[in-house]
Amino acid sequence: MSDQFEPRLIGFLCRWCSYNGADLAGTARLKYPPNMVPIKTNCSGRIDPTHILKAFKEGADGVLIAGCHPGDCHYINGNYRTAGRYPLMEKLLEQMGLEHGRVRLEWVSAAEGEKFQHVVTEFTEQIRALGPLGWGEQFHDESAESEEATKEAVPV
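Rules of the game
Residues numbered from 1 in each chain as written. Predicted model: local features only at pLDDT ≥ 70, side-chain atom pairs only at ≥ 80, totals over all residues. Heavy atoms only, no water. Axes fitted to C-alpha atoms, helices over the stretch in contact; angles between N-to-C directions. Helix = DSSP H or I, 4+ residues; strand = E, 2+ residues; numbered from the N terminus. Parallel < 35°, antiparallel > 145°, perpendicular 65-115°, else oblique. Left-handed = near helix turned anticlockwise from the far one by under 90°. Contact = heavy atoms within 4.5 Å. Pairing = 2+ DSSP bridges. Buried < 20%, exposed > 50% of the residue type's maximum accessible area, 1.4 Å probe, protein only. Core = buried A, V, L, I, M, F, W, Y, C linked by side-chain atoms within 4.5 Å. Salt bridge = Lys/Arg side-chain N within 4 Å of Asp/Glu carboxyl O.

Caption draft 1: Region of the structure containing the packing of helix 2 (residues 49-57) against helix 3 (residues 78-95). Where helix 2 contacts helix 3, the two axes come as close as 11 Å, and the packing angle between them is 40°. Compared by their axis directions, helix 2 and helix 3 come out oblique. The element helix 2 and its partner helix 3 pack so that their crossing is right-handed. Each of P49, I52, L53 and F56 in helix 2 lies in contact with helix 3, whose residues at this interface are M89, L92 and L93.

Put into structure tokens, the structure is as follows:
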């Protein structure tokens, strides 16, 4: 067994394009690291900063947001909203102490299985180089301390 850090990644993938690009990569038997858990969303425009924060709180080391190419959104302008919100979300995460590069935005169409393979491979290596985030343990410890304090404060 290797002692090398293996990042835990969450991928929020648009159901119309990026999720199908991931499916194409799989059916074409393209090799890429198995570190990412894909979550199918109706549109990249539905991804809210709270989804990203929850992923990190639950133990993710990196988050990928993947949607349709600009101009190809099935919901007309969802990916434009995503592109507009992304820099703001990066600033928010930076203010919370998150290193730049732990969240990535990519446009991947249903026909781009090789691009999906490349993005996941590159992102996995990037997060591996950054090392573990450790927010999951931090929040877990804080919630355990909070529960302990509540038990002590409430008489039985």
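Caption draft 2: Representation of the sheet that holds strand 3 (residues 62-67) within the structure. Strand order in this open sheet of 4 strands is 2-1-3-4, and the pairing throughout is parallel. Of all the strands in the sheet, the pair left with one neighbour each is strand 2 (36-41) and strand 4 (103-107). Direction aside, neighbouring strands of the sheet carry axes that sit 20° apart on average. Of the strands in this sheet, strand 1 (9-14), strand 2 and strand 3 touch helix 1 (residues 18-27), which is tilted by about 115° from strand 1. Where helix 4 (residues 113-130) meets the sheet, it contacts strand 1, strand 2, strand 3 and strand 4, and its direction lies at approximately 170° from that of strand 4.

Caption draft 3: Broad picture of the environment of E114. Within the element layout of this structure, E114 appears in helix 4. A relative accessible area of 61% places E114 in the exposed class. Considered as a pair, E114 and K31 are 83 residues apart in the sequence and their alpha carbons are 9.5 Å apart.

Caption draft 4: Main features of the nonpolar core. Ranked by size, the top nonpolar core spans 18 residues in total, and within it I52, F56, V63 and V103 carry the most contacts. Taken together, the elements giving at least two residues each to this core come down to strand 1, helix 2, strand 3, helix 3 and strand 4. Residues A22, V108, F116 and I127 belong to the second largest nonpolar core, which totals 13 residues.

Caption draft 5: View of the pattern of salt bridges. Overall, the coordinates contain 6 salt bridges when judged by the stated rule. A salt bridge links R128 to E6, with the shortest nitrogen-to-oxygen separation between them at 2.7 Å. Of this pair, R128 sits in helix 4 while E6 is found in the segment before strand 1, placing the two residues 122 residues apart along the sequence. The closest approach of N and O atoms between E106 and R104, which form a salt bridge, is 2.8 Å. Judged by relative accessible area, which is 16%, E106 ranks as buried. Salt bridges sharing common partners tie together E6, E125 and R128.

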